[in-house]
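Close look at the chain arrangement
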Amino acid sequence: MFSEDVSLASYTTLGIGGPARFFCTPTTPADIHIALVEAQNRDLPVFVLGGGSNLVIADSGWPGLVLRPNLTHQVGLTVGAGVDWNDFIDHCVSQNLAGVECLAGIPGTVGATPIQNVGAYGQEVADTIVSVTALNRKTLAIHSFSNAECRFAYRQSRFNTEELGQWLILEVEFALKENAAPNLTYRDLIHHFGPDTSPTLTEVAATVRQIRAQKGMVVDPADPDSRSAGSFFKNPILEASQAPGTAPRFAQPDGRVKVPAAWLIERSGLMRGETLAGGIGLSSKHILALVNQGGGMAADVVAAAKRVQECVHKTWGVVLHPEPIFVGFPGSTELPEGATVISSELPQ
């Protein structure tokens, strides 16, 4: 039931990653259950792969089983984890369902969105998720988590923090607003549409994709700047006294401020399009993205990310933390500070 020695590079938006010892694409929860039981019987560490964005997979690959679930059912707004995220958004805006239109153009699958609490252009999925149904990879029990139980915060949830690697998302239930106005709180959208306008949800989603494409943030084989893991660094949330005095800042509910990571990087002596390590450099369109300029390796990504961190810290005294998850790196690897890691050495 498993394929063997499957290169993972072609399954990631960075185009980087060594081989999976075993690989499987289950299409039903029952298939997933069978695969996990087989992996347990064979003492295989398991990694669950979605759309392949927001990942840095080690050059050595994954020494166990890589599961790439393809659960594509949809009943109303209860959506299988394997449904393409942009297909879901297109369905929603065509039905005049508001709440996710500003998240258009983000690559990946529906099941990946609650893990990181995906957000952009004034929206995040935590605003609209009702529940997440997931399978416990150790006990094989299925549990439904309410929005509150998901413990959403900026770019995080229970699924990528204290319970990282414990759950396999099966489906996500959303609550959207029928015939509601689109979200036009983000500066780029306000500038594009101007005051006193009433764009449709479809128009907003299309505009978001256009803006993202201009930044190389929509996967496009013809655009080398889109060969990335997406925005590589989180916007730091700091005490107001720690934020650089000249930096833009956005007030947070707890009194702290969010500072744009791109602003910090661009003013730390780094340039768009600059090669940082091996075949990895900064996007020529959006300095927040590390791109595979050709022949890049995972080790180059690590070195490039650390260089950006060092430059920003030296200039501003701020440590940027990476957004992508680092997968399969040996424990001896010195990864960028603040990296989220899924190691084959973790209990499965």
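Above this text is the structure in question.
This text gives an overview of the structure that appears in the document. (Residues numbered from 1 in each chain as written. Predicted model: local features only at pLDDT ≥ 70, side-chain atom pairs only at ≥ 80, totals over all residues. Heavy atoms only, no water.)

1. Digging into the pairing of strand β12 (residues 142-146)
For clarity, the threshold we go by: A pair of strands is treated as paired once DSSP finds two or more bridges between them. Every helix listed is a DSSP run of H or I at least four residues long, and every strand listed is a run of E at least two residues long, numbered separately from the N terminus.
Direction of pairing for strand β11 (residues 129-136) relative to β12: antiparallel, over a ladder of 5 bridges. Within β12, the position partnered with Ala 134 by the bridge is His 143. Between β11 and β12, which pair antiparallel and follow one another directly, the connecting turn spans 5 residues, one of which, Leu 140, has a positive phi of 70°.

2. Here's the deal with the pattern of salt bridges
Going by this rule: Basic side-chain nitrogens of Lys or Arg form a salt bridge, by our definition, when they fall within 4 Å of a carboxyl oxygen of Asp or Glu. Buried means the residue's accessible area, taken with a 1.4 Å probe over protein chains only, is under 20% of the maximum for its type, while exposed means over 50%, and partly exposed covers the values in between.
Taken as a whole, this structure holds 14 salt bridges when the rule is applied. Arg 272 is the partner of Glu 266 in a salt bridge, and the nearest nitrogen-oxygen pair spans 2.8 Å. Owing to a relative accessible area of 32%, Glu 266 belongs among the partly exposed residues under this scheme. Its relative accessible area of 40% is what places Arg 272 among the partly exposed residues. A salt bridge links Lys 306 to Glu 334, with the nearest nitrogen and oxygen atoms 4.0 Å apart. Linking Lys 306 in helix α7 (residues 298-316) with Glu 334 in the loop between β22 (325-327) and β23 (340-342), this pair joins segments that are 28 residues apart in sequence. The class for Glu 334 is exposed, based on a relative accessible area of 60%. Taken together, the shared-partner salt bridges connect Arg 151, Arg 158, Glu 162 and Glu 163 into one network.

3. Some details on the sheet that holds strand β16 (residues 237-238)
Read across the sheet, 3 strands follow the order β16-β18-β17 without closing on themselves; strand pairing throughout is antiparallel. Edge positions in the sheet fall to β16 and β17 (250-251), since each has one partner strand and no second. Judged from the 2 bridges that link them, β17 and strand β18 (residues 257-258) form a sheet pairing that is antiparallel. The partner of Phe 250 across the bridge, within β18, is Lys 258.

4. Structural notes on the packing of aromatic side chains
Our working definition: Paired rings are identified among Phe, Tyr and Trp, the last through its six-membered ring, by centres lying within 6.5 Å, and are further divided according to the angle between planes into stacked (under 30 degrees), edge-to-face (over 60) and tilted (the rest). Geometrically, a charge over a ring is one whose NZ (Lys) or CZ (Arg) sits within 6 Å of the ring centre while staying within 35 degrees of the ring normal.
Applying the stated criterion to the full structure yields 13 aromatic pairs. Note on Tyr 121 and Tyr 186: the rings are 4.8 Å apart at their centroids and 65° apart in plane angle, and the pair reads as edge-to-face. Here Tyr 121 is found in the loop between β9 (119-120) and β10 (123-124), whereas its partner Tyr 186 is found in the loop between β14 (177-178) and α4 (187-193), with 65 residues between them in sequence. For Tyr 121, a relative accessible area of 8% corresponds to the buried category. Assessed through its relative accessible area of 31%, Tyr 186 is described here as partly exposed. For the pair Trp 263 and Trp 316, a centre-to-centre distance of 5.2 Å together with 45° between the ring planes defines the contact as tilted. In this pair, Trp 263 is assigned in helix α6 (residues 261-266) and Trp 316 in helix α7, connecting sequence segments 53 residues apart. Overall, the relative accessible area of 14% leaves Trp 263 in the buried class. A residue is classified by how much of its surface remains accessible, and Trp 316, at 25% relative accessible area, is partly exposed. The ring of Phe 22 has Arg 42 sitting right over it, with the charged end atom 4.7 Å from the ring centre.

Without other data, these values stay purely geometric and don't point to any function.
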